[in-house]
Amino acid sequence: MENDEALSCKKYGVPLYAAAWVPSAAGRLDTAKELETPAKPLVVLAGGGGKGNTGIPNAILLSAFDSESCSLSDQPVAKLGTGSDLPYRIGVHPGGEGIICSFCPQNCRWFEWDSNTDDQTLRLKSSEKVLKPLEDVGLQLALTFNTEGNLLAVGGEDGQLRVFKWPAMESILSEANAHSSVGDLDFSPDGKFLVSVGGGPGRIWDVASSSSVVSLPKENDEIFSFCRFSRSTGTDQVLYITTNRDKGGSIVKWNPTSWERISSTFVSRDQVSAFNVSPDGKLLAIGTTEGDILIINSANMRTRTIIKKAHLGMVTAMAFSQDSRAVVSASCDSSSRVILIKDEQKGINLWIILFFILLAVAVYYAKDSGYLPLEL
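In what follows, the accompanying structure is described. (Residues numbered from 1 in each chain as written. Predicted model: local features only at pLDDT ≥ 70, side-chain atom pairs only at ≥ 80, totals over all residues. Heavy atoms only, no water.)

Description of the sheet that holds strand S26 (residues 302-307)
Item 1. Overall, antiparallel pairing links the four strands, which are arranged S23-S24-S25-S26 in an open sheet. Of all the strands in the sheet, just strand S23 (272-277) and S26 have a single pairing partner and so form its edges. Taking the axes of each pair of neighbouring strands and ignoring which way they run, one obtains an average angle of 20° across the sheet.
Item 2. Across five bridges, strand S24 (residues 283-288) lies against strand S25 (residues 293-297) in antiparallel orientation. (Pairing = 2+ DSSP bridges. Helix = DSSP H or I, 4+ residues; strand = E, 2+ residues; numbered from the N terminus. Axes fitted to C-alpha atoms, helices over the stretch in contact; angles between N-to-C directions.)

So this is what it looks like as structure tokens:
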């Protein structure tokens, strides 16, 4: 278990609802070459106080991560104010083109990376590209690109699911009643399927035919909250769906070929409020409504790290770095932190070593006292 006090947590003055790592393909690569120094990894955070005279601004932030101190920068390295519009969800383009942001209460906007700054710091800037199909559509709760970055899926609070070709924004799927409210979306690694969860059962969509092909049933009083396909390239592909019940949160595994339920693992007495899967498929990250963070080994579904009260408020977002070596989390308490993933210790168990030492001591004293013959 990790010591919570040993992990750095930074507060940025605004409630945070979204977090992601900036792709290495973003415009900062040229900047790093010019400076002849490795660029620190960046995370993008979004949140604010919403409309009204709260005194809390709405903004998209960039923060730098220092791996040596395991710490985010004390202050954002870049900040883009969004006026009275609250940035609530973000989707980062995997190719480094920019990010799409869902604003409360009713639209989505596109932002581009800007490395052409006087101080050579990567920033975000509003794009001239207008996402007309996503104007005045209500709050969108889920935004995701496929691995190739040529498809964009968007799910709304009103239950409508939309899928577009990117960047043309040509609609290939629009389902007004996909769920009572679309809570989360994810493309399969090969881009053939899209999973959606919200009110009611989960649904699997065939991208090529733009149709729903499978319904994933709930059991008892389960509420499906988040969904992710395993990102591993091996044959053991898995679909994960987190569920919440009165007694706490669980992770359900599904076979992505037969779409049958494989197993369900209880992970927390508290409700799951954030979830993600590492790019190498080996780890799962859980955030809870009580501010706890759990890192779980996907192979045996055992918890390898628990950080109690990692945040004072509900964990709102989690994201693994591209190398699967770190995970960033954000909270409505205005804080964000990064947890480094340490290699699990391998070798002979310490208790086994201690047992043999004690056994050797016992044998020595037994011989010395004459209880055992000198030659065995």
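Some details on unusual backbone geometry
Item 1. Across the junction of Cys104 and Pro105, the peptide omega takes the value 25°, indicating a cis bond.
Item 2. By secondary structure assignment, the location of Pro105 is in the loop between strand S8 (98-104) and strand S9 (107-114).
Item 3. Put simply, Trp166 and Pro167 share a cis peptide bond, and its omega is 10°.
Item 4. Locating Pro167 in the fold gives a position in the loop between strand S13 (161-165) and strand S14 (170-175).
Item 5. Residue Met301 is not a glycine yet carries a positive backbone phi of 60°.
Item 6. Under the relative-accessibility criterion, Met301 is labelled buried at 11%.
Item 7. We note that Ser324 has phi near 65°; this positive angle belongs to a residue other than glycine.
Item 8. Locating Ser324 in the fold gives a position in the loop between strand S27 (315-320) and strand S28 (326-331). (Buried < 20%, exposed > 50% of the residue type's maximum accessible area, 1.4 Å probe, protein only.)

Let's talk about empty space enclosed by the protein
Item 1. With the rule as written, the count across this model stands at one cavity of 30 Å³ or more.
Item 2. One number sums up the size of the largest cavity: a volume of about 40 Å³.
Item 3. Around the largest cavity, the lining residues are Val163, Ile172, Leu173, Leu194, Trp205, Val207 and Ser210.
Item 4. Taken together, the residues that form the lining of the largest cavity break down as six nonpolar, one polar and no charged. (1 Å grid on protein atoms, 1.4 Å probe; cavity = no way out; pocket = protein on both sides within 12 Å on 5 of 7 lines; lining within 4 Å. Points joined across faces, edges and corners; volume = space filled by probe spheres on them. Nonpolar A, V, L, I, M, F, W, Y, C, P; charged D, E, K, R; others polar.)

Observations concerning the environment of Leu216
Item 1. Take Leu216: it is sitting in strand S18 (residues 211-216).
Item 2. By relative accessible area, which is 0% here, Leu216 ends up buried.
Item 3. Distance in space between the C-alpha atoms of Leu216 and Ile241 is 10.0 Å, their sequence separation being 25 residues.
Item 4. In contact with Leu216, not counting residues within four places along its chain, are Pro201, Gly202, Ile204, Phe224, Leu239, Ile241, Trp254 and Trp259. (Contact = heavy atoms within 4.5 Å.)

With respect to the nonpolar core
Where a protein is soluble and globular, its nonpolar side chains tend to be buried together.
Item 1. Val44 and Ile99 are the most contacted members of the largest nonpolar core, which totals 21 residues.
Item 2. Going through the elements one at a time, strand S2 (16-21), strand S3 (42-47), strand S4 (59-66), strand S6 (78-81), strand S7 (86-92), S8 and S9 are the ones with two or more residues in this core.
Item 3. Those residues in contact with Ile99, other than ones at most four positions away along the chain, are Val44, Ile60, Ile90, Gly91, Val92, Arg109, Trp110, Phe111, Trp113 and Leu124.
Item 4. Judged by nonpolar contacts, the second largest core, of 17 residues, contains Tyr12, Trp21, Ala59 and Phe65. (Core = buried A, V, L, I, M, F, W, Y, C linked by side-chain atoms within 4.5 Å.)

Some remarks on the pattern of salt bridges
Item 1. Applying the stated criterion across every chain yields a total of eleven salt bridges.
Item 2. Between Asp221 and Arg245 there is a salt bridge, with the nearest N and O atoms lying 3.1 Å from each other. In this pair, Asp221 sits in the loop between S18 and strand S19 (223-229) while Arg245 sits in strand S20 (residues 239-245), placing the two residues 24 residues apart along the sequence.
Item 3. Overall, Asp221 belongs to the partly exposed group, its relative accessible area being 42%.
Item 4. Judged by relative accessible area, Arg245 falls into the buried class, the value being 18%.
Item 5. The partner of Asp292 in a salt bridge is Lys308, and the shortest N-O contact between them spans 3.5 Å. Note that Asp292 is positioned in the loop between S24 and S25 and Lys308 in the loop between S26 and S27, a separation of 16 residues in sequence.
Item 6. Several salt bridges converge on common partners, so that one network encompasses Glu219, Asp221, Glu222, Arg245 and Arg261. (Salt bridge = Lys/Arg side-chain N within 4 Å of Asp/Glu carboxyl O.)

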